[in-house]
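Residue-level listing of the chains:
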Amino acid sequence: MSELRTVTVINGDGIGPEVMDATIRVLEALKVPLRFEHQDAGSEIITKYGTNLPPSTVDSVLRNGLALKGPTGTAVGSGLPSANVAMRKQLDLYASLRPVKSVPGVKTRYENVDLVVVRENTEGLYSGIENVIAPGVVTGFKIMTEAACTRIARFAFEYARANGRKKVSAVHKANIMKLTDGLFLDCCRKVNRDFPEIQYEEVIIDNMSMQLVKDPSRYDVMVTENLYGDILSDLCAGLVGGLGVVPGANIGERCAVFEAVHGTAPDIAGKNLANPTALMMSAVMMLDHVGLKEDAARFKSALLRVFSDGTQLTGDLGGKASTREFTDAVIAAL
């Protein structure tokens with residue numbers, strides 16, 4: 001029997017509680033050696049705590065070293081900064097890991113897509129460091145450091161080596177941002193020297209966006225700075241059916257947070273219509289991360305069996321099943 005581990009569980013907003021309940025039902029059916037400590041984050045708790053990320057939640061993730069998180073909402077153009085961004089900074093979750101793989105039974109333009117986006121998570125323009133310098137004039141800062149660029153490059157190459165991947169593509173705009181993105185490329189080139197068996201290339205971000213749409217089979221592992229990775233990971237998700245079928249993880253030296261990367265879908269919240277696949281796939285990644293590889297394989301196999309069967313899919317996947325019916329089908333497939 002494996003040692004019992006505690007996972008911080010963050011339901012999030014909107015459909016978050018429903019997809020989290022579905023995912024935990026499967027984990028409990030698997031009888032994994034995990035216990036769950038519930039904490040809060042997101043826009044719906046601001047009235048209660050005065051913040052969208054209470055210190056108790058951050059402390060819990062640090063203490064447990066592991067979290068499973070539902071989607072959290074962020075107001076557009078106003079309100080508090082993103083709870084996701086704050087969590088990544090406070091916990092130093094420097095690596096966003098987004099595997100994107102075709103799902104059986106989900107009809108898309110491409111078949112056999114198998115990509116991984118590795119995104120630097122803590123700095124760059126996406127950090128949201130902005131100031132008003134005069135009426136009608138604002139500025140945003142893109143801060144890049146050699147330390148952060150080097151460690152995300154090393155993470156990408158080490159992931160490629162550990163998972164039998166053949167190529168790493170560094171995504172950049174160094175033709176225009178010669179200092180910031182130039183530093184990123186310099187760090188990638190230096191790290192590449194330690195991984196001679198892995199093919200390395202550099203692709204400008206706008207060209208990468210076009211090439212992915214034309215032929216995603218050309219790429220394997222992509223390593224990017226923060227903002228480019230945020231955009232490209234969603235583009236890649238669109239190649240396999242959308243954010244509802246892809247997992248996500250944010251990984252640091254001390255802890256890791258596995259999360260659904262789709263929105264909160266307030267229009268269907270509480271209606272038993274949500275698709276829990278993204279969070280379930282993230283839980284599979286979490287199990288694999290902590291060494292529960294047999295349980296991870298069983299969970300994933302059951303989930304893909306439901307997709308292949310096609311009779312118990314949720315509405316966004318072209319089916320008529322409720323969240324509970326979809327989850328029941330996954331548990332039955334175990």
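Residues numbered from 1 in each chain as written. Predicted model: local features only at pLDDT ≥ 70, side-chain atom pairs only at ≥ 80, totals over all residues. Heavy atoms only, no water.

Participant: For the packing of aromatic side chains, give the residues involved together with the corresponding values.
Facilitator: Ring pairs (aromatic) are described by centroid distance and by the angle formed between their planes. Counted according to the given criterion, the structure contains four aromatic pairs. An angle of 85° between the planes, with centres 6.1 Å apart, marks the rings of Tyr 94 and Phe 155 as edge-to-face. Of this pair, Tyr 94 sits in the loop between α4 (83–91) and β4 (95–101) while Phe 155 sits in helix α5 (residues 146–162), and the two are 61 residues apart along the sequence. Both residues of the pair, Tyr 94 and Phe 155, count as buried. Taking the centre distance of 6.0 Å and the plane angle of 40° together, the rings of Phe 157 and Tyr 200 count as tilted. In this pair, Phe 157 is assigned in helix α5 and Tyr 200 in strand β9 (residues 199–204), connecting sequence segments 43 residues apart. Like Phe 157, the residue Tyr 200 is buried in the burial classification. Following the ring pairs from residue to residue traces out a cluster consisting of Phe 157, Phe 195 and Tyr 200. (Phe/Tyr/Trp six-rings, centres within 6.5 Å; stacked < 30°, edge-to-face > 60°. Helix = DSSP H or I, 4+ residues; strand = E, 2+ residues; numbered from the N terminus. Buried < 20%, exposed > 50% of the residue type's maximum accessible area, 1.4 Å probe, protein only.)

Participant: Residues and numbers for the pattern of salt bridges, please.
Facilitator: Taken as a whole, this structure holds 20 salt bridges when the rule is applied. With a shortest N-O distance of 3.6 Å, Glu 225 and Lys 142 are connected by a salt bridge. With a gap of 83 residues between them, Glu 225 in the loop between β10 (221–224) and α8 (226–239) and Lys 142 in the loop between β7 (137–140) and α5 connect regions that are remote in the sequence. Across the pair Glu 201 and Lys 167 runs a salt bridge whose closest N-O atoms are separated by 3.4 Å. Residue Glu 201 is found in strand β9, and its partner Lys 167 is found in strand β8 (residues 167–172); the two are separated by 34 residues along the sequence. Look at Lys 167 and you get buried, because its relative accessible area is 12%. (Salt bridge = Lys/Arg side-chain N within 4 Å of Asp/Glu carboxyl O.)

Everything listed is a geometric property; what it means functionally is a separate question.
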